[in-house]
Each structure stands twice: as structure tokens, then as C-alpha cells.
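# Report on the structure
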Amino acid sequence: MLRRDYETGGAFDAMAEEGIGCIAFSPLSQGMLTSKYLDGIPNDSRAADPHSTLTPERITDKTVAVLRDLNALAANRGQSLAQMALTWVLRQPVVCSVLTGASRPDQLHHNVAALRNLEFTPDALEAIDRVLAAPA
């Protein structure tokens, strides 16, 4: 959701034209699209790890505002932010699967529960687009 170049840059269209699919890597943006960073950077998070590619500088106030807005939209769908993010990626016809990088069984179970609500109304997609188009 936070990196839309595949859908806006024509990659998904090219894949569809060629009849190929893809697997989305890191659809939760290294944990940013979970509730983990809604209230700051936890000490046990990737962003707090000095060796991680997810640096604290990426968790800006504006990014957190976007995450909070997306979280509210997810709650309206009866989903967590992570579940909505996975569902949002999986709505693309060329996306065959996602690699979530779950580190605990409960995360995997939580992510799989996203399959309970795969549909987006046009209004919901429009609301998500508005949030994602906000300057970060």
C-alpha cells in the first residue's frame, strides 16, 4: 500500500498482458502496515534495531498519520490494518500470493484471517486512495 509503483507504473498491466503472476514481497512494509507503529517506535521493533533496513527516519509523523487513517478504514471493514493491507494487495488479479514474513504462529493465523473479507466497495477503495495520496 505504501509503495504503489507496481500498480501505477504499469507492471501489473504488463503482467496481465503476458499472462503471468507475481508474489508480493513485504506487503506489510516491514511491519509498518500493522498496528505496531501507531503510537511510536517500540523498543522491540525493526525500526528500533540499528541493523534493520527500516530506519526510524521512515516512521515520520506524517507516515504515522497515514497509518492511523488506514487503521480507521480497516476497523470500518472489521479488519486489522495488517489484514486490510494484505487484502488490498491480493485484490490485484496478477498477485498470486504474498510473503508476509510472519515471525510467530499467531501472526500467521492473524494474516490468514484477512481472507474472511476480500471484497472492497468502490467507496472503500476511493477512501484508501485518498489516504495514500496524502503527502507523506
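Per chain, residues are indexed from 1 in the order of the written sequence. Two thresholds apply to this predicted model, a pLDDT of at least 70 for residue-level local features and 80 or more for giving and counting side-chain atom pairs, whereas whole-chain, interface and lining totals are computed over all residues. The side-chain figures draw on all heavy atoms in the structure; neither hydrogens nor water molecules are used.

## A few points about the packing of helix α3 (residues 61-76) against helix α6 (residues 122-133)
What describes two packed helices is the angle between their axes and the distance between those same axes. Convention adopted: a line fitted to C-alpha atoms gives each axis, helices being fitted over their contacting stretch, and angles between N-to-C directions are expressed from 0 to 180 degrees. Helix numbering and strand numbering both begin at the N terminus, where a helix is a DSSP run of H or I of at least 4 residues and a strand a DSSP run of E of at least 2. Following both chains from N to C, one finds α3 and α6 inclined at 170°, their axes separated by 9 Å at the closest point. In terms of orientation, α3 and α6 fall into the roughly antiparallel class. Contact with α3, carried on its side by V66, D69, L70 and L73, involves A127, I128, V131 and L132 of α6 and no other residues of that element. Roughly parallel means an angle under 35 degrees; roughly antiparallel, over 145; roughly perpendicular, 65 to 115; everything else is oblique. Residues are treated as being in contact if the distance between any of their heavy atoms lies within 4.5 Å.

## Observations regarding the nonpolar core
In this structure, M1, L33, L70, M84 and I128 are the most contacted members of the largest nonpolar core, which totals 30 residues. Those elements giving two or more residues to this core turn out to be α2 (11-18), β1 (22-25), α3, α4 (81-90), β2 (95-99) and α6. Leaving out residues up to four positions away in the same chain, M84 has contacts with M1, L70, L73, A74, R77, Q79, F120 and I128. Membership of the second largest hydrophobic core comes to 6 residues, among which are M32, A47, L54 and I59. Each nonpolar core is a collection of buried residues, namely Ala, Val, Leu, Ile, Met, Phe, Trp, Tyr and Cys, held together in the definition by side-chain atoms within 4.5 Å. We call a residue buried when its accessible area falls under 20% of the maximum for its residue type, exposed when it is over 50%, and partly exposed in between, using a 1.4 Å probe and counting protein chains only.

## Side note on the environment of R4
With respect to the helices, strands and loops of the structure, R4 is situated in the segment before α1 (5-8). Separated by 123 residues in sequence, R4 and A127 place their C-alpha atoms 15 Å apart. Excluding residues within four positions of it along the chain, R4 makes contact with W88, D129 and L132.

The quantities given are spatial measurements derived from coordinates; they are silent on function.
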